[in-house]
Amino acid sequence: MNSLQFIKKLYNGKNCYSDSLTEDEIALLHIPSGVERIVEEMVDANRIVFLTGNPGDGKTYIIRAMEAKLAQKGVYIEKDMNSVTDEKMNDVIRKIVECYHNNKSCIIAANEFPFFKLIRASRELAPELHNELINVKKNVIIYDYSIFQLRRICIIDLNERNLLDKDRSMVPSIVSKFVELLKDSAGVNPVLDYNVTALQNKLVIDQLLRLFNLVAMSGEHFAIRDVLGTLAYAMTTCTVDDEDINSYYYDALFSGENELMSFIAQFDPVLLSKPSLDEQLWNGEKTDGWLMGAPPKWPKELTDESVEEATKLFKSIKRKFYFENIYSKGLSELQPVDYTYCESIFVSLGSTRSKRGILNMLINSMNRLFLSTDDEKERLRIWTSHSYDLSRETGAAVSTKYVDALDLDLVYPEPISWLKDMEFTPDSLVIKLKRDNNSPKLEIDVTLLRGLISIKNGYPASLLSRQYEQAISQFTQALAATSAARDYGDGELLIANRREGSRKKIFIEDNKYSFHDGGEF
Amino acid sequence: MAREVDILDEYGAEIGAALGFNTTSNSTKPLSIANALFRSCLRTICDTKDIHEWIVSERRNSDRILKSSEIRDKYQHILVRGANESIDDIKEARFVLEQVFNPDSTVYPSYQDSVMNIPSRWLVRPSFKAEARIGDFIYEILSCPINGKASPAIELIKAALKDDDDDISRLIKPILTSAYKDKERILDVEINIQSISLNSSKQAIRKGFDNLTANMHYTGQARNSLLVLKRMVNYAAFASYYYLVDVNNAEYKGDRIPLLLDSFSDLDAIERASELCYIACKKSVEAYAVNLLEDIIRRERLVADITSVDACRAFIKGMPLKSAKERKNARDALLQYFETFYAGGDEPLRALSRALQFAIYTFTYPNNTPSDFCRVLGTRAGLVGPGGGAKFKRLLIHRFLLETIVLSTVNLKGMPDGIELRELGELLRSQYYILIGTDTDKDYSLLDQAKIAQDAPEDLRGELASNARSIADMLITMGLAKRYADGVTIIGWGL
């Protein structure tokens with residue numbers, strides 16, 4: 001099989017199962033990852049390594065790539081817990097326990113569910129192993145500083161590995177590897193040659209990375225199999241003998257059918273519109289800035305023949321512009337603001353000042369969930385509503401306390417120190433009390449984050465799913481029980497009319513009411 | 001005037017007594033259940049007429065409602081500005097207080113008919129009709145000793161009710177402490193607890209309360225008194241619905257009704273099958289009444305020969321009925337029902353029981369049948385939907401109730417590693433006969449046995465798995481589950 005055929009088959013899982021690859025093919029596909037270094041270190045230290053993750057995450061690949069070394073060390077290897085029947089599970093656990101007590105290394109590769117079954121089975125059979133497994137599992141991803149000490153067991157969860165990591169994305173490495181391999185096929189197909197040339201260009205790679213960064217903000221996990229398949233399809237589908245398949249990489253990227261590509265399709269430049277630019281691209285007036293040469297034909301020229309063909313060409317040119325024109329930044333900026341802002345949040349969290357601004361934005365959006373007109377962003381209000389009838393929404397909420405923004409911290413998850421080399425992009429934030437390890441925590445995943453950003457941008461809070469409102473409410477109620485919760489002062493109580501977005505203040509001083517609100521909200 | 005004897009009324013009352021609660025009040029709301037349940041737990045009631053005076057605002061037109069000027073005069077000792085407080089401000093404040101304390105429309109101009117949504121012991125008032133005995137029924141199950149112990153749910157509820165420092169209760173503190181001393185407001189009451197034996201349905205409910213209590217402690221939800229009260233009342237409302245549907249199986253070995261929960265995911269076959277389950281629920285309630293009536297007729301021996309058609313006819317012709325029913329030709333109608341059922345192939349006793357059941361809910365409770373009760377209570381509990389005037393209802397699960405049901409089914413503390421969604425499906429099936437689609441073959445076959453699958457669109461089997469996935473999505477967002485990319489969802493806490 002030549003390199004072109006090999007890469008073509010990476011799409012949709014063909015050729016992506018490491019078990020079926022030859023050693024040469026394994027070597028051909030070798031893309032260095034931080035995880036390999038970690039596994040090597042752990043094996044050298046005779047640790048029990050659990051390599052977990054989802055199908056296609058590369059567990060078998062990592063083991064196969066190290067097979068010679070592992071054999072030399074006599075490491076017990078279980079490559080696929082999926083193939084271990086329930087009856088044989090205890091045997092595997094016994095072997096692990098043997099390694100555990102004899103200071104020997106072993107590697108167990110397991111998809112998440114078989115790993116779950118292994119942990120459950122170990123509870124009775126090997127309590128010591130079970131307890132350590134549970135402890136390690138809980139401490140793999142941490143917030144802030146952790147004092148957790150690695151002992152005999154390490155768990156490397158490839159589900160946490162984000163191949164689209166902004167700083168250590170594997171995308172450029174994979175593209176570069178494919179470009180190298182496809183050089184053998186120069187002259188086979190002119191579009192393939194075009195793709196190979198284009199994908200050596202910095203701007204094209206940067207735009208590709210931006211696109212993948214946006215996808216990373218979807219909160220979904222993509223296996224290396226998905227990334228390999230997507231890039232393989234984008235580059236080589238032009239060689240498939242089917243006239244309906246779009247050929248150029250910039251079109252192919254949005255026309256494939258794997259899960260990753262369905263997410264990429266949400267950011268298709270065709271969906272972005274700048275009327276003046278669209279007009280120029282339609283009429284053939286945008287002739288400057290093209291890195292790979294201006295389009296040879298423009299949609300306007302096809303209008304008389306077929307509007308359908310003209311539209312198809314327009315879409316293609318717009319994508320080409322997005323990737324290959326030096327003025328494409330203006331179009332990139334039109335990508336959905338909730339995604340781009342979400343991305344920028346994760347980038348800017350390192351700066352104290354930015355962090356404060358982000359926290360204030362989140363506080364304001366959370367306050368608006370309960371009272372749509374609330375401008376408060378320095379104090380997270382604790383709203384309480386209560387009703388027993390689930391057939392109707394509760395219209396009123398009461399707030400007597402708040403937590404000051406200065407008492408809150410915004411942190412994001414990180415792998416524990418021994419996993420630092422793993423490609424990782426945080427996909428959630430946590431709001432908690434400062435300097436309080438037992439603080440209630442609110443995990444803000446990217447979906448909730450995007451929702452809160454939308455509220456900040458004026459979308460109605462009712463668009464955010466009720467489940468998130470419930471989560472935020474539970475968090476603020478838990479905060480109410482802490483010493484950080486403060487009364488508003490002067491006996492002030494707020495009552496929100498959530499349907500109307502209005503608010504009434506009532507004061508209770510010395511057990512007496514004062515109803516004068518003192519102005520509009 | 002001598003009381004008129006009426007067999008239909010008496011049999012109707014006997015059905016309620018045998019069931020343990022009344023299924024004939026559409027005005028029963030979760031707060032009505034809460035009042036009775038809380039009263040039984042605390043064995044106290046409170047006089048909160050003054051709070052009622054405050055929160056029934058002038059937006060309603062009734063002579064019984066105090067004007068804000070009268071409120072100012074009467075309560076000036078709890079107003080900072082006393083008699084100088086602005087009437088408009090008081091009026092506005094009463095309006096918002098009403099929104100807070102009457103979210104479920106259970107407060108009326110009459111104090112006697114009202115129950116206020118106060119999340120503490122100050123809620124509890126004397127018994128009123130809309131309670132329908134449901135709270136008492138639930139309490140009887142909770143207090144029934146198992147291994148010598150009542151349910152721990154009672155203590156949890158009591159502790160939550162004693163906590164009146166929440167934001168909502170704080171709003172009424174000045175009123176609460178103004179007129180009486182605490183002990184004068186709170187009166188002890190005698191609770192008449194019937195000693196009951198737990199049939200299989202009641203055992204499932206009791207197990208549910210016990211699990212729910214343990215899980216609320218385990219997850220820390222027990223620290224939030226408002227959540228405890230809401231969760232317990234939510235489960236009580238669901239439990240009474242479940243009991244109605246399942247009692248025919250528990251007492252008469254009737255068919256269990258599969259409760260296919262629709263996850264609200266636009267799955268046509270699931271929607272239709274869930275609608276059919278809902279209809280089957282209502283039929284099960286009717287079947288129970290018919291079986292019970294058969295028992296009553298046998299026991300009372302008022303029919304000379306229960307195998308004889310003529311004896312049954314004679315019984316109908318001679319049974320005492322109130323004159324009002326006679327005027328509505330209830331006897332003729334009853335006779336006609338009987339003849340129709342008998343002609344349809346029923347044995348005489350069966351035909352008579354079915355005719356009586358029909359007549360009871362036509363003439364004794366014309367506006368409040370158990371079916372209506374199921375619909376109204378089910379909707380308020382978050383089990384039946386869509387709400388409003390939707391023509392076709394189904395078992396459309398609300399996320400809060402789903403969480404409640406799951407917490408009433410699993411033992412989170414006993415499964416620190418979690419259980420599979422499939423195992424949760426088995427637990428739900430075994431405890432409540434609830435189906436969510438976790439085991440396509442098994443769930444489909446149960447729907448098939450119940451003659452529901454046949455009338456649902458063809459792709460029901462395929463949609464069951466999608467439904468289970470959507471249910472799992474709901475549990476994931478609640479923090480009660482985690483999905484792995486190999487498609488398996490694990491249920492548990494802190495996974």
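Computed from a predicted structure; not experimentally measured.

Some thoughts on the overall build of chain A
At step 1: Counting secondary structure elements, chain A contains 22 helices and 15 strands.
At step 2: Principal-axis analysis of the C-alpha atoms places the extent of chain A at approximately 90 × 75 × 45 Å.
At step 3: Within chain A, the proportion of its 521 residues that are buried is 43%.
At step 4: In chain A, the proportion of contacts linking residues at least 24 apart, taken out of those at least 6 apart, comes to 69%.

A few points about the overall build of chain B
At step 1: In terms of helices and strands, chain B carries 22 helices and 7 strands.
At step 2: Against the compact-globule benchmark of 23 Å for 495 residues, chain B has a radius of gyration of 25 Å, which places it among compact chains.
At step 3: Its C-alpha atoms give chain B principal-axis dimensions of roughly 80 × 75 × 45 Å.
At step 4: By residue count, 53% of the 495 residues in chain B fall in the buried class.
At step 5: Intrachain contacts of chain B at a sequence separation of at least 6 include 74% that bridge at least 24 residues.

Thoughts on unusual backbone geometry
Residues and elements named next belong to chain B.
At step 1: Of the consecutive residues Gly 385 and Pro 386, the connecting peptide bond is found in the cis state with omega at -5°.
At step 2: We note that Ala 132 has phi near 55°; this positive angle belongs to a residue other than glycine.
At step 3: You can see Ala 132 is positioned in the loop between α5 (87-101) and α6 (134-143).

A closer look at the packing of helix α12 (residues 225-252) of chain B against helix α18 (residues 370-381) of chain B
Residues and elements named next belong to chain B.
At step 1: Running from N to C, α12 and α18 point in directions that differ by 150°, and their axes come no closer than 9 Å. Viewed along their axes, α12 and α18 adopt a mutual orientation that is roughly antiparallel. Seen along the crossing, α12 lies across α18 with a hand that is left-handed. Residues Asn 234, Ala 237, Phe 238, Ser 240, Tyr 241 and Leu 244 of α12 lie in contact with α18, whose contacting residues are Pro 370, Cys 374, Leu 377, Gly 378, Arg 380 and Ala 381.
At step 2: A per-class count over the contact of α12 with α18 returns 8 nonpolar, 3 polar and 1 charged.

Brief notes about the sheet that holds strand β10 (residues 428-433) of chain A
Residue and element names in this part refer to chain A.
At step 1: The strand order β8-β10-β11 describes an open sheet built from 3 strands, whose pairing is antiparallel. Edge strands, defined here as strands with exactly one partner in the open sheet, are β8 (408-411) and β11 (442-445). Averaged over all adjacent pairs, the angle separating strand axes in this sheet is 20°, with direction ignored.
At step 2: Packed on one face of the sheet, helix α21 (residues 446-456) meets β10 and β11 and runs near 85° to β11.

Some thoughts on the sheet that holds strand β3 (residues 106-111) of chain A
Residues and elements named next belong to chain A.
At step 1: Here we have 4 strands laid out as an open sheet, ordered β2-β3-β1-β5, and parallel in their pairing. Edge positions in the open sheet fall to β2 (76-78) and β5 (153-157), since each of these has one partner strand only. Taking each pair of neighbouring strands and ignoring which way they run, the sheet shows an average axis angle of 15°.
At step 2: Taken together, the 3 bridges between β2 and β3 define a ladder with parallel strand orientation. Residue Ile 77 lies in a different strand from β3, and its bridge partner there is Ile 107.

Quick look at the pairing of strand β14 (residues 502-509) of chain A
All names here are of chain A.
At step 1: The pairing of strand β13 (residues 492-497) with β14 spans 6 bridges and is classified as antiparallel. Residue Asn 497 lies in a different strand from β14, and its bridge partner there is Ser 502.
At step 2: In this antiparallel pair of consecutive strands, β13 and β14, the connection spans 4 residues, and Gly 501 shows a positive phi of 75°.
At step 3: Direction of pairing for β14 relative to strand β15 (residues 512-514): antiparallel, over a ladder of 3 bridges. What sits directly across from Ile 508, in β15, is Tyr 513.
At step 4: Between β14 and β15, which follow one another and run antiparallel, lie 2 residues, and Asp 510 among them has a positive phi close to 50°.

Remarks on the pairing of strand β1 (residues 48-53) of chain A
Residue and element names in this part refer to chain A.
At step 1: The element β1 is largely enclosed, with a buried count of 6 among its 6 residues.
At step 2: Taking every second residue as pointing to the same face, both faces of β1 are buried, with Ile 48, Phe 50 and Thr 52 on one and Val 49, Leu 51 and Gly 53 on the other.
At step 3: Taken together, the 6 bridges between β1 and β3 define a ladder with parallel strand orientation. The residue of β3 that forms the bridge with Phe 50 is Ile 108.

Remarks on the packing of helix α2 (residues 30-42) of chain B against α12(B)
Residue and element names in this part refer to chain B.
At step 1: In contact at an axis separation of 9 Å, α2 and α12 are set at 105° when each is read in the N-to-C sense. Here α2 is positioned roughly perpendicular relative to α12, judged by the angle of their axes. The residues of α12 that touch α2, namely those facing Pro 30, Ile 33, Ala 34 and Leu 37, are Val 233, Ala 236 and Ala 237.

As for helix α7 (residues 152-162) of chain B
Residues and elements named next belong to chain B.
At step 1: Within α7, burial applies to Ala 153, Leu 156, Ile 157, Ala 160 and Leu 161. Across the axial projection of α7, the buried residues extend over an arc of 130°, all falling on one side. Exposed side of α7, more than 90 degrees from the buried face: Glu 155 and Lys 162 are the residues found there.
At step 2: Residues of α7 that are buried in the fold lie against α2, α6, α11 (200-219) and α12.

Observations concerning the interface of chain B and chain A
At step 1: Chain B puts 52 residues into the contact, and the matching count from chain A is 41 residues.
At step 2: Broken down by secondary-structure element, the contributors of at least two residues to the side of chain B that touches chain A are α2, α5, α8 (167-170), α9 (173-176), α12, α18 and α19 (399-407) of chain B.
At step 3: For the side of chain B that touches chain A, the leading source of residues is α5(B), giving 7 residues.
At step 4: Among the residues making up the side of chain B that touches chain A, the classes are represented as 25 nonpolar, 11 polar and 16 charged.

Topic: the environment of Ser445(B)
At step 1: As for its placement among the helices and strands, Ser445(B) is situated in helix α21 (residues 440-449).
At step 2: Counting along the chain gives 16 residues from Ser445(B) to Arg461(B), while the straight-line C-alpha distance between them is 9.6 Å.

What to know about the environment of Val430(A)
Residue and element names in this part refer to chain A.
At step 1: Take Val 430: it is sitting in strand β10.
At step 2: The class for Val 430 is partly exposed, based on 17 C-beta atoms found within 10 Å.
At step 3: Here the alpha-carbon distance between Val 430 and Ile 444, two residues 14 residues apart in the chain, equals 5.9 Å.
At step 4: With sequence-adjacent residues up to four places away left out, Val 430 is seen in contact with Tyr 143, Val 411, Lys 441, Leu 442 and Glu 443.

Concerning helix α19 (residues 337-348) of chain A
Residues and elements named next belong to chain A.
At step 1: The first and last C-alpha atoms of α19 sit 16 Å apart over 12 residues, in line with the 16 Å expected at 1.5 Å per residue.
At step 2: Turning to α19, its buried residues are Asp 338, Tyr 339, Cys 342, Ile 345 and Phe 346. All buried residues of α19 project into a common sector of 120° when viewed along the axis, lining one side.
At step 3: Tucked into the core, α19 has its buried residues touching α11 (202-216), α20 (352-370) and α21.

A look at the environment of Ser332(A)
At step 1: Among the secondary structure elements, Ser332(A) is positioned in helix α18 (residues 329-332).
At step 2: With 65 residues separating them along the chain, Ser332(A) and Phe267(A) place their C-alpha atoms 9.5 Å apart.

About the cut-offs
Residues numbered from 1 in each chain as written. Chains lettered and ligands numbered in written order. Predicted model: local features only at pLDDT ≥ 70, side-chain atom pairs only at ≥ 80, totals over all residues. Helix = DSSP H or I, 4+ residues; strand = E, 2+ residues; numbered from the N terminus. Buried ≥ 20, exposed ≤ 12 C-beta atoms within 10 Å, placed from the backbone. Contact = placed C-beta atoms within 7 Å. Rg over C-alpha atoms; globule rule 2.2 N^0.38 Å. Axes fitted to C-alpha atoms, helices over the stretch in contact; angles between N-to-C directions. Parallel < 35°, antiparallel > 145°, perpendicular 65-115°, else oblique. Left-handed = near helix turned anticlockwise from the far one by under 90°. Nonpolar A, V, L, I, M, F, W, Y, C, P; charged D, E, K, R; others polar. Pairing = 2+ DSSP bridges. Arc of directions from axis to C-beta. Expected span 1.5 Å × (residues − 1).

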